[in-house]
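Here's the letter readout for the chains.
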Amino acid sequence: MESLTTIQAELDAYLKREGMTINQFAGISGVNSGTLSSIINGNRPIAMKQLDRITAGMGLPEGEFYELYIDECVVYSTPDWRRLGPFLHRCAELDKLDCIRQVVRTIMDNISYAQAVFETAEEFFAQGKRQAAALLYEGVAESEKYQHSERLALCQYRLFMINLGKDQNANLRTAMHFEYFVERLDEMDQLSALQALVNVYLSLHDWDKVDALASRMGSKAALQYRHEHRKTARRTAQKQPARPLCFYILYSNLLRAAACEERGDYEQALHYVSLYSEMGWVKESSEEVLRIKEQFREWAEANTYLYRLMSGQTEVLADYVEFIAVRENEILPGLIKIMQAANRFHFNADEIIERLQPQLEIKEQKSSLGKFNSQVTADKFLMLHYEMAVYYLTAQRYDIGITYLFQCLESSVRINSDSSIVQCVGLFEQYRHLASEEDRERYKILISEVLGVNEKKIGSVTGGI
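On a predicted model such as this, the values are computed, not experimentally measured, just so you know.

## Let's talk about the packing of helix H10 (residues 150-163) against helix H11 (residues 168-179)
For any two helices packed against each other, the geometry comes down to the angle between their axes and how far apart the axes lie.
Here is step 1: One can describe the packing of H10 onto H11 by two numbers: an axis separation of 10 Å at closest approach and a directional angle of 170 degrees. By the angle between their axes, H10 is roughly antiparallel relative to H11. Between H10 and H11, the residues in contact are Ala 153, Gln 156, Tyr 157, Phe 160 and Asn 163 and Asn 171, Thr 174, Ala 175, His 177 and Phe 178, respectively.

## Focus on the packing of helix H15 (residues 266-277) against helix H16 (residues 287-310)
Here is step 1: Relative orientation of the contacting elements H15 and H16 amounts to 170 degrees, with a least axis distance of 9 Å. When the axes of H15 and H16 are compared, the pair comes out roughly antiparallel. In the packing of H15 onto H16, the handedness of the crossing is left-handed. Between H15, through Tyr 266, Ala 269, Leu 270, Val 273, Tyr 276 and Ser 277, and H16, the contact on the second element is made entirely by Phe 296, Trp 299, Ala 300, Asn 303, Thr 304, Tyr 307 and Met 310.
Here is step 2: In the contact of H15 with H16, the residues fall into 10 nonpolar, three polar and no charged.

## Digging into the packing of aromatic side chains
Here is step 1: Here the structure, examined in full by the defined rule, presents 21 aromatic pairs.
Here is step 2: Here Tyr 180 and Phe 181 contribute two aromatic rings whose centre-to-centre distance is 5.1 Å and whose plane-to-plane angle is 85 degrees, an arrangement assigned as edge-to-face.
Here is step 3: Note on Tyr 180: relative accessible area 57%, which makes it exposed.
Here is step 4: By relative accessible area, Phe 181 is classed as buried at 8%.

## Looking at the side chain of Glu 387
Here is step 1: With respect to the helices, strands and loops of the structure, Glu 387 is situated in helix H20 (residues 374-394).
Here is step 2: For the buried Glu 387, which has no salt bridge, the nearest side chain bearing the opposite charge is Lys 337, at an N-O separation of 7.9 Å.
Here is step 3: A distance of 2.9 Å separates a polar atom in the side chain of Glu 387 from a polar atom in the side chain of Asn 343.
Here is step 4: Among residues more than four places away in sequence, those in contact with Glu 387 are Ile 336, Met 339, Gln 340 and Asn 343.

## Looking at helix H22 (residues 418-431)
Because each turn of an α-helix spans 3.6 residues, side chains separated by three or four positions end up pointing in the same direction.
Here is step 1: In this model, H22 (14 residues) spans 21 Å end to end at C-alpha, consistent with the 20 Å of a helix rising 1.5 Å per residue.
Here is step 2: Among all positions of H22, only Asp 418, Ser 420, Ile 421, Cys 424, Val 425, Leu 427, Phe 428 and Tyr 431 are buried.

## As for unusual backbone geometry
Here is step 1: The backbone of Asp 95 shows a phi angle near 60 degrees, a positive value even though the residue is not glycine.
Here is step 2: Within the secondary structure, Asp 95 is located in the loop between helix H6 (81-93) and helix H7 (97-107).
Here is step 3: Judged by relative accessible area, Asp 95 falls into the exposed class, the value being 54%.
Here is step 4: Although it is not a glycine, His 205 sits at a positive phi angle of roughly 60 degrees.
Here is step 5: As for its placement among the helices and strands, His 205 is situated in the loop between helix H12 (187-203) and helix H13 (207-228).

Quick notes on the rules
- Residues numbered from 1 in each chain as written.
- Predicted model: local features only at pLDDT ≥ 70, side-chain atom pairs only at ≥ 80, totals over all residues.
- Heavy atoms only, no water.
- Axes fitted to C-alpha atoms, helices over the stretch in contact; angles between N-to-C directions.
- Helix = DSSP H or I, 4+ residues; strand = E, 2+ residues; numbered from the N terminus.
- Parallel < 35°, antiparallel > 145°, perpendicular 65-115°, else oblique.
- Contact = heavy atoms within 4.5 Å.
- Left-handed = near helix turned anticlockwise from the far one by under 90°.
- Nonpolar A, V, L, I, M, F, W, Y, C, P; charged D, E, K, R; others polar.
- Phe/Tyr/Trp six-rings, centres within 6.5 Å; stacked < 30°, edge-to-face > 60°.
- Buried < 20%, exposed > 50% of the residue type's maximum accessible area, 1.4 Å probe, protein only.
- Lys, Arg positive; Asp, Glu negative; His and termini not counted.
- Salt bridge = Lys/Arg side-chain N within 4 Å of Asp/Glu carboxyl O.
- Polar contact = N/O pair within 3.5 Å; in protein donor to acceptor, adjacent residues only side chain to side chain.
- Expected span 1.5 Å × (residues − 1).

Structure (C-alpha cells):
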C-alpha cells in the first residue's frame, strides 16, 4: 500500500474508495463516529487502541500504520507518554523492533524520558520480551553514558544477561564490558551480577578469574549477612538478592574449591569443601534455604570423593561411582572427572562408561536449585567428549576415539570455543596417521568450517591440510 503521508489521509481515502460513511465505518471498527470525524479532520490525536481498531476495520495487518504513527506522534510533534507507552507495548507484542528502535532513537535526546523508558524496559524484561527490552536499555544507557548512575549500571546488567548466548567469544566480550559496571549496582544486585559473571568465566575455564570473582562475591555476601543478622533496635527494609545470602557465601566456596582443583591443589580444595559443608552458621530455616543446604551437602560429599580421586586415591572410585549413579545431576560432571582420572592414572573405565553413559541426555541438566547455566552445561558435554576421545585413542580403539573427537570439534565450532578447537586439532594431528581415509575427509570438512571462522588461531597447529 502506498503511503498518503498521514493516517488521517489513509482513512479518508479508504472511506471514499469503499463508498463508506463515517457512521458505517464506526460500526465496523468500534470507534465512535464523532471520534473518527475529529481524527479525519485533524482535530484529535489518535490513541493506540483507536489506531488498532481503525487498522482492523480497514482489513489491514496489525501494525500497518505504526511507522506513520511514529511520524505523527513522535517525530513531528512533542511525544506524549500516555500514547507513547502503550505504543511501545504494542510494538513489543507484535515484535516490531524497528519501530521501537526508531522511537528510542528519536526521544532519548531528551533525558526526561529516561525513567519512563527504563521502567518499560523492566516490564518487557520481566515478561520475557528481551529483544524489545534490550532496545530500550540501550537507549537509556546511551543517554546516560556519562552519568555515574545505578540506572545505567542496571541497564548494562540487563543487557549483559540478554546478550549471553552460545558463542563463547561473544560471551567473553560481553562479560568484560559489563564487569566495569558491577560496583555501581545496588549491593544486593551485585551478588547476582557476580554470580552471572563468574558462570561465564567458568564456562571459559578462566580459573584465575573464577577465583577472583568468587572471592569478591563471597566477601560481599558475608558482609551483608553479618549486617542483616546484627542485633539492632530497629531494622529498615532493604532490597533482597535473587537468592538467600547464604547461597552466595556457599557458592563462593564451591567455586574457589573448583579453582584449586584445576590448579592441582587438592588439599586447599578440600579446605573450601569444609567451608561449604559446615553450615551451622546459617540462621534461616525457610524451605528454600533448606533446599540450598541439602544441595551443598550433596556437592560436598561428591567433591570430597572427587578431590581424593584426582589426587591419586583411586580406592575411592567405586564409592564415587555409586554416589553419582543415583543422582542425575552429578552424572555428567562426575563422569568427566572419572575420565580425566582414568587418563591421568591409566585405569580401565569401560564398566563405568557402560553404566553411566546411557543415563546422560544431551540437554540442559536441572538441579533442585533450578536450571544450570546453559553455557556451562554445553561446555561440560564438550569436555566429556574430549576426555572420552583421549581415553579411547590412548587405548588404541581409534574408531571410537576419533568419533568422540569429531563430536568435540563440532561442539567447539558451534559454541566458538577457540581453546577447545585448538585442543581438538592438536589431538587429531597426533593420530592422523591412524585415521581412516573417510575420517580424514570428514576432518577436512570440519576444519574448513573452523578456518572460515578464524584461520589464524589454528594455522600454526595444523601446519596446513
